[in-house]
Amino acid sequence: MGDKAKLFEPYRALGLYSSHIPHCTRYHQKHQEHYVFVAVGKVFHTYNCSKLKLTQVSNAHPEDISCIAADRFLVYTGCGNTVRAFQHNRQVKYTYEGHKDEVHLILPFSEHLITVDISGAVKIWHINSQELYLDMEFDNKSFQITSILHPSTYVNKILFGSSQGTLQLWNIRKNVMLYTFKDVTDTSSVVCMAQSPAVDVIAIGRSSGSVVIVNIKLDREIMRFVQNEDPIVGIAFRLDGPPTMVTGGGQKISVWDLEEKRLLSVMERVHSDKIAGMTFLPGQPALLTNSADNSVKMWAFDQSDGSGRLLRYRAGHSLPPTKIRFHDETNIISVAYDSTMRIFSLENEHLVKSMGQASTNRAMARRAASHLDKRKLPPIVDFSSSTARQREWDNIIAFHHKTAIATTWNFHRCKMGTYKLLHERFRNLRTTAKDKNKEKKVGVYVTAVTSTQCGNFCLVGYNTGHVDIFNMQSGLHRGTFVDADLTSAHTRQICGIAVNLLNQVVVTAGSDNSLKFWRFKTKKLIEKIEIESKPSMLSLQGENSLVAVALDDFSILVYDLDTRNLARRLTGFRGNITDMTWSADGRWLVAASMDCTIRTFELSSSSLIDCFLVDTPAVTVALSVNADVLATCHVDDLGVFLWYNSSIYGRVSLAPLPLDYHPTNVVELPASEVTDGDVAESECQTSKEVTQDNDDAHLAKPLDETLVTTSGLPSTKWAHLVSLDIIKKRNKPKQPVKQPKLAPFFIPTVAGLTPSFDISGEEKDSKIVKPMSLMPLSNFASSLLDQESTSNQLTAMNKLKEMGPSAIDAEIRGLASECGGSLEVMSGFLKLILSTLKSRRDFEFAESLLALFMKVHAGDIASDPILVELLEEIEIEHKTCWDSLRKDIDQSICLLNHIKAVNSHA
């Protein structure tokens, strides 16, 4: 089989929005839209700034992206020692290789690209030819480059900032250093630089937390600000009028008034991690920021104190997820170490929601900022949900790390629920404590939870061995499972709880190496089974009444819930089992372990049918209701990764593998993809590039010489060309009634036997008719005279494709000699149709053009032997094409009729 997975193939990733790499922006003139590019691991995302909607995802790099920049047409990324230029925000167009160390700075500069690596090598490339224009070397001991900037209006000048605190201005055309700037009051490292709206004035952010605004023409300090002890990682100037500058350091943004030279406001905790980059949109009071906390945010600066408010954002988990489960067919619930619960939608990214951060007092948490919430609960370890009563009351039960309470959550309202469930026996222990640390000494905490299928009850297990049942609607305690020989259900910690679909049997697993079965209604013990190793978790398959128990000896036991007999023993793991999930029909059991493998077992044959290896261990896995998508989360990774079930979309051999099979080749994790369908066209396309892309598309050959390729044009362009004159006549509007001219008061008459009016003075319309034979040939008709090469023929056909139906009709009618054409032009048109049919391209479009040509020029064709001979060749080629098509169409029609007949009889 090899090491490639048979069942599950990489699909896409959810919940990834940003990293620690500063973003970059671009304005698209055609769309009149700003776009922001954010590096996320091995790919970069493109968001439009109007809605922060994901519009494009690049192809994956071999390593994580280290820096990113953009100009009007291309996006440049540094990955290792290689720089890539991406066209259309997706595919690589140019590659620049030559650095020996990792590239960490990129600056597009007119027709050139400046790249800097960590060893101090500076290379300047010609973008289109990919040739090295200039190579410079800096000694990191004396001048280690940390920032790079092109001052506005400074032709061929680049400003370099160093970790030694000095700045150097270079003329890159002459390869000459022009000037060295020194700050005598602050010699800390230069972290970032920004061009101000004023010429010759730049802002310098240093690692000491100070911001210096300098006139580089005079080498004079204009003003200096100090934000805090954190390095200044970003500087941005408002470009919509107010003289305001914002600086970012740590997790806060400072707003400065440049006229009064004072601090306007401080925006605390704008991100939960350090700010990576910040940019003001030109002409708008909108600031973009991104951070390593996996979020991209836009702030509107319209407050009275000069600060910004959060306008829109895209965010995922700031810390790695710990558990994911499919709530229904399209929604995944995830929890993470950041104490938050989120909902990820498989259908639309705009349906991704956050249910908030867990707190013992949500009312107080809403009044205070999230970082000031002193009642924040520890991370959620596990949860259980039910869809039955989600619109009526809380339907999710969760427990937190080393915490005695279990919290409820509401999926429909997307928020934390009403109740914090805790039995009175533990509440008394807390109330009798004399100091704050007494609860830790007692050491009571929840270790397992589950909810019933009906959504009315939840079961909570503790490290003390107790198992309680609570009502989800009221939060009231409804019973305790107690062994007759004990004061609790188990003597040691509860490792897992499961309830069958009809609320008849409850299964509990304890660290005392026992598995117990209980009556749900009476809370009485049915049977106790001793197992050879300590269990770590339970997973129930309700439809088939099977429960899987993961043990610490790297094996899985499957028990029948009705007979309480051991049905299967699954082995082959080389590490602790981290999670398990069932398919809806109970046919497959998917399990992940710390040996970085994800294994799929078929329960009917007790065999391993699929196993693949990933880079990092999967901490949790979940299989969708239809078993078409597998979701995984991995160690130290913020995303939710989706894998599609290839057996649904094609034939897959499920030959069993050895139980101890272990793959050697690593399968790459999926990357993000755009799935909304209404994605805007790539904003980096120019008209010249679009034309080239269209030409390349038309040069595509059929997969086989016997196959016929259609043009892909809408039917409105070719289907009614023959009947276009009839359609125009039918749609011709009726002429309005003209008002008669006013008659003169005295109408002159002509003398004679019969009196008549004199109308000799009435003006008559005169038109100058230009002979059609004197009209010049059109561009299309001229191209028909030169068809020596295939490219010329494709150019002529592409011109017709770009026209509308009326323009095509006019061009074909203009081929006649009385309309400015000639017999040579008409024969050139028939040669074009013949070559198109021979190439098997644009079949339906060529047929429509030929039908219109024969209808309009039937008389000329009959009188010219050359045209008749060409038509005979076209008839032979047409018959060859149509015979193969007709055979396939007839076969398909017969098969369809047969299927209809079978279904009707059935």
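Anything mentioned here points back to the structure above.
Chains are numbered independently. Their residues run from 1 in the order of the written sequence. Residue-level local features of this predicted model are given only where pLDDT is at least 70; pairs of side-chain atoms are given and counted only at 80 or more, and the full residue set underlies all totals for whole chains, interfaces and linings. Note that water and hydrogens are dropped before the side-chain values are worked out from all heavy atoms of the structure.

Asks: What is the right way to read helix 10 (residues 823–839) from this model?
Replies: Turn by turn, an α-helix covers 3.6 residues, leaving residues three or four places apart pointing in a common direction. End to end, helix 10 covers 24 Å across 17 residues, agreeing with the expected 24 Å (1.5 Å per residue, within 8%). Only protein chains enter the accessibility calculation, which uses a 1.4 Å probe; a residue whose area is less than 20% of its type maximum is buried, one above 50% is exposed, and one in between is partly exposed. Each helix is a run of DSSP H or I of at least 4 residues and each strand a run of E of at least 2, with the numbering of both proceeding from the N terminus. Of all 17 residues making up helix 10, 12 are buried, and the element is well covered by its neighbours. Multiplying 1.5 Å by the helix residue count minus one yields the expected span of that helix.

Asks: Which parts of the structure should I look at to understand unusual backbone geometry?
Replies: Glycine aside, residues mostly have negative phi angles, and peptide bonds mostly take the trans form. The phi dihedral of Asn 156 falls on the positive side, at around 60°, and the residue is not glycine. As for its placement among the helices and strands, Asn 156 is situated in the loop between strand 14 (145–149) and strand 15 (157–162). For Asn 156, a relative accessible area of 22% puts it in the partly exposed group. Of note, the phi angle at Lys 402 is positive, near 55°, even though the residue is not glycine. Along the chain, Lys 402 turns up in the loop between strand 35 (396–400) and strand 36 (406–410).

Asks: I keep staring at the side chain of Thr 82 and nothing clicks. Help me out?
Replies: Within the fold, Thr 82 resides in strand 8 (residues 82–87). Within polar-contact distance, the side chain of Thr 82 engages the side chain of Asn 81 at 3.3 Å. By the convention used here, residues are in contact when the closest approach between their heavy atoms is within 4.5 Å. If near-sequence neighbours (up to four positions away) are discounted, Thr 82 is found in contact with Thr 77, Thr 95, Tyr 96 and Glu 97. Under the rule applied, a polar contact is a pair of N or O atoms within 3.5 Å (in protein, one hydrogen donor and one hydrogen acceptor; residues adjacent in sequence only if both atoms are side-chain atoms).

Asks: Please explain a negative patch on the surface as it appears in this structure.
Replies: Think of a patch as exposed residues, more than 30% relative accessible area, with no salt bridge, where like charges cluster within 9 Å and nonpolar side chains (Val, Leu, Ile, Met, Phe, Trp, Tyr) cluster within 5 Å. Only the protein chains shown count as covering a residue, and every accessible area follows the Shrake-Rupley method with a 1.4 Å probe. For this document, the term salt bridge refers to a Lys or Arg side-chain nitrogen within 4 Å of an Asp or Glu carboxyl oxygen. Charge counting treats Lys and Arg as positive and Asp and Glu as negative, with His and both chain ends excluded. For this purpose, a charge sits on NZ of Lys, CZ of Arg, CG of Asp or CD of Glu. A cluster of acidic residues, Glu 63, Asp 64, Asp 101 and Glu 102, forms a negative patch at the surface. Of note, Asp 101 is situated in the loop between strand 9 (91–97) and strand 10 (103–109). For Asp 101, a relative accessible area of 30% gives the class partly exposed.

Asks: Looking at this model, I keep getting lost on the pairing of strand 2 (residues 24–28). Mind explaining?
Replies: Only one face of strand 2 is covered, namely the face carrying Cys 24, Arg 26 and His 28; the face carrying Thr 25 and Tyr 27 is uncovered. The pairing criterion is simple: DSSP has to find at least two bridges between the two strands. Both strand 2 and strand 3 (residues 33–40) contribute to a ladder of five bridges, which runs antiparallel. Bridge assignment links His 28 to a residue of strand 3, and that residue is Glu 33. What sits between strand 2 and strand 3 in their antiparallel hairpin is a turn of four residues, with Gln 32 showing a positive phi close to 50°.

Asks: Any chance you could explain the nonpolar core here in plain terms?
Replies: We define the nonpolar core as a collection of buried residues of types Ala, Val, Leu, Ile, Met, Phe, Trp, Tyr and Cys that are connected through side-chain atoms lying within 4.5 Å of one another. Counting residues in hydrophobic clusters, the biggest one holds 33 residues, and the most contacted among them are Phe 829, Leu 830 and Leu 849. Those elements that provide at least two residues to this core are helix 7 (779–784), helix 8 (790–802), helix 9 (805–813), helix 10, helix 11 (843–856) and helix 13 (865–905). Ranked by the residues each element gives to this core, the list is headed by helix 10, at eight residues. Counting residues in hydrophobic clusters, the runner-up holds 32 residues, among them Ile 343, Ile 396, Val 460 and Tyr 462.

Asks: What is the right way to look at the packing of aromatic side chains in this model?
Replies: Note on aromatic pairs: each is described by the distance of the centres and the angle between the planes. Pairing of aromatic rings covers Phe, Tyr and Trp, the last through its six-membered ring, and needs centres within 6.5 Å; plane angles under 30 degrees mean stacked, over 60 mean edge-to-face, and all others mean tilted. For the coordinates displayed, the defined rule picks out 15 aromatic pairs. Ring geometry for Phe 44 and Phe 86: centres 5.2 Å apart, planes at 90°, overall edge-to-face. Of this pair, Phe 44 sits in strand 4 (residues 43–48) while Phe 86 sits in strand 8, and the two are 42 residues apart along the sequence. Ring geometry for Tyr 179 against Phe 181: centres 4.7 Å apart, planes inclined by 70°, an arrangement best described as edge-to-face. By relative accessible area, which is 37% here, Tyr 179 ends up partly exposed. Three or more aromatic residues link up through ring pairs in this structure, and these residues are Phe 138, Phe 143, Phe 160 and Trp 170. Two limits define a charge over a ring: the Lys NZ or Arg CZ must be within 6 Å of the ring centre, and within 35 degrees of the ring normal. The positively charged end of Lys 523 is found above the aromatic ring belonging to Phe 520, 5.8 Å away from the centroid.

Asks: What is the right way to look at the state of the cysteines in this model?
Replies: Covalently bonding the sulfur atom of one cysteine to the sulfur atom of another cysteine gives a disulfide. For the purposes of this analysis, a disulfide is any pair of cysteine sulfur atoms at a distance within 2.5 Å. Within this structure, the stated rule accounts for zero disulfides. With no disulfide of its own, Cys 67 has Cys 79 as its nearest cysteine by sulfur position, at a separation of 9.5 Å.

Asks: Explain the pattern of salt bridges to me, please; I cannot follow it from the model alone.
Replies: Two side chains that carry opposite charge are able to pair once their charged atoms sit near each other. Overall, the coordinates contain 18 salt bridges when judged by the stated rule. A salt bridge links Arg 224 to Asp 183, with the shortest nitrogen-to-oxygen separation between them at 2.9 Å. Highlighted residues: Arg 224 in strand 21 (residues 220–226) and Asp 183 in the loop between strand 17 (176–181) and strand 18 (190–195), separated in sequence by 41 residues. Taking relative accessible area as the criterion, Arg 224 reaches 26% and is therefore assigned partly exposed. One salt bridge in this structure joins Asp 468 and Arg 425, with 2.9 Å as the shortest N-O distance. Linking Asp 468 in strand 40 (residues 467–471) with Arg 425 in helix 2 (residues 424–431), this pair joins segments that are 43 residues apart in sequence. Residue Arg 425 is classed as partly exposed on the basis of its relative accessible area, which comes to 23%. It is possible to trace a salt-bridge network through shared partners that takes in Asp 183, Arg 206, Glu 221 and Arg 224.

Asks: What is the right way to look at the packing of helix 9 against helix 11 in this model?
Replies: In helix packing, the relevant descriptors are the interaxial angle and the interaxial distance, both defined with respect to the helix axes. An axis is simply a line fitted to the C-alpha atoms; with a helix, the fit covers only the stretch in contact. Between two such axes, the angle follows the N-to-C directions and lies from 0 to 180 degrees. Look at helix 9 against helix 11: their axes get within 10 Å of each other, and the N-to-C directions meet at 50°. Classified by the angle their axes make, helix 9 and helix 11 are oblique. Our pair here, helix 9 against helix 11, has a crossing hand that is right-handed. Contact residues: Ile 808, Asp 809, Ile 812 and Arg 813 in helix 9; Phe 845, Leu 849, Leu 852, Phe 853 and Val 856 in helix 11. Per-class residue counts for the contact of helix 9 with helix 11 are seven nonpolar, no polar and two charged. Reported orientations rely on four angle classes, namely roughly parallel under 35 degrees, roughly antiparallel over 145, roughly perpendicular from 65 to 115, and oblique for the rest. Take the far helix as the reference: if the near one is turned anticlockwise from it by less than a right angle, the crossing is left-handed, and if turned clockwise, right-handed. Residue type decides the class: Asp, Glu, Lys and Arg count as charged, Ala, Val, Leu, Ile, Met, Phe, Trp, Tyr, Cys and Pro as nonpolar, and the leftover types, Gly among them, as polar.

By themselves, these figures tell us nothing about what the structure is for.
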